[in-house]
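Okay, here's what each chain looks like letter by letter:
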Amino acid sequence: MAARILLVDDFQGIRGGVRSLLMKEPVEICGEAVNGREAVERVRELHPDLVLLDLIMPVMDGMEAAHEIHRISPATKILFLTIEDGPEVAAAARRVGADGLIPKSSAGSELIPTIKRLLHN
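Remember, predicted model here, so these are calculated numbers, not experimental data. (Residues numbered from 1 in each chain as written. Predicted model: local features only at pLDDT ≥ 70, side-chain atom pairs only at ≥ 80, totals over all residues. Heavy atoms only, no water.)

Here we look at the pattern of salt bridges
- According to the stated counting rule, one finds 9 salt bridges in the structure shown.
- Residue lysine 104 is joined to aspartate 54 by a salt bridge in which the shortest nitrogen-to-oxygen separation is 3.5 Å. Note that lysine 104 is positioned in the loop between strand E5 (100–103) and helix H5 (107–119) and aspartate 54 in the loop between strand E3 (50–53) and helix H3 (62–72), a separation of 50 residues in sequence. Take lysine 104 and aspartate 54: they sit in the same class, and that class is buried. (Salt bridge = Lys/Arg side-chain N within 4 Å of Asp/Glu carboxyl O. Helix = DSSP H or I, 4+ residues; strand = E, 2+ residues; numbered from the N terminus. Buried < 20%, exposed > 50% of the residue type's maximum accessible area, 1.4 Å probe, protein only.)

What follows is the structure, given as structure tokens:
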């Protein structure tokens, strides 16, 4: 059975780009969300194996969403894909229960290997 991934980003172009990157991988994009609140709702409904989550979004940001997702579904892996980068952001991501952080600029080379590592641990 393919791993189920929820894509969360307020920009359709990013979600489409990620979808294209993952097309040839043994994963299922089980849903999408445009903000953190929607992401939490989708996690409750869809029970994804991994949430690919942006940090900067309207309504509820990624940090708050990650904290809530980790609380309601501790087995769900959380991977930030964001323009925000640096040790402070990575440390904050770990504090809210995220399993990793990838800069959007590195998605082409780092996204698939990181997803594979997270889903096979």
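With respect to helix H1 (residues 12–22)
- Restricting attention to buried positions, one finds in H1 the residues Arg15, Val18 and Leu22. Down the axis of H1, the buried side of the element spans an arc of 65°, and every buried residue falls inside it.
- Taken together, the buried residues of H1 touch strand E1 (3–8), strand E2 (27–33), E3, strand E4 (77–82) and H5. (Arc of directions from axis to C-beta. Contact = heavy atoms within 4.5 Å.)

A look at empty space enclosed by the protein
- Under the definition given, this model contains 1 cavity of 30 Å³ or more.
- A volume near 60 Å³ is recorded for the largest cavity.
- Taken together, Leu7, Val8, Asp9, Ile14, Arg15, Val18, Leu52, Leu53, Asp54 and Leu81 make up the lining of the largest cavity.
- Counting residues per element, the lining of the largest cavity draws most heavily on H1, which supplies 3 residues.
- Grouping the amino acids of the lining of the largest cavity by side-chain chemistry returns 7 nonpolar, no polar and 3 charged. (1 Å grid on protein atoms, 1.4 Å probe; cavity = no way out; pocket = protein on both sides within 12 Å on 5 of 7 lines; lining within 4 Å. Points joined across faces, edges and corners; volume = space filled by probe spheres on them. Nonpolar A, V, L, I, M, F, W, Y, C, P; charged D, E, K, R; others polar.)

Quick word on the sheet that holds E1
- The strand order across the open sheet built from 5 strands is E2-E1-E3-E4-E5, with neighbouring strands paired in parallel fashion. Sheet topology places E2 and E5 at the edges, where each strand pairs with a single neighbour. Between one strand and the next, the sheet's axes are offset by a mean angle of 20°, whatever the strand orientation.
- Sheet topology places E1 next to E2; 6 bridges connect them, and they run parallel. By the bridge assignment for E2, arginine 4 is matched with glutamate 28. (Pairing = 2+ DSSP bridges. Axes fitted to C-alpha atoms, helices over the stretch in contact; angles between N-to-C directions.)

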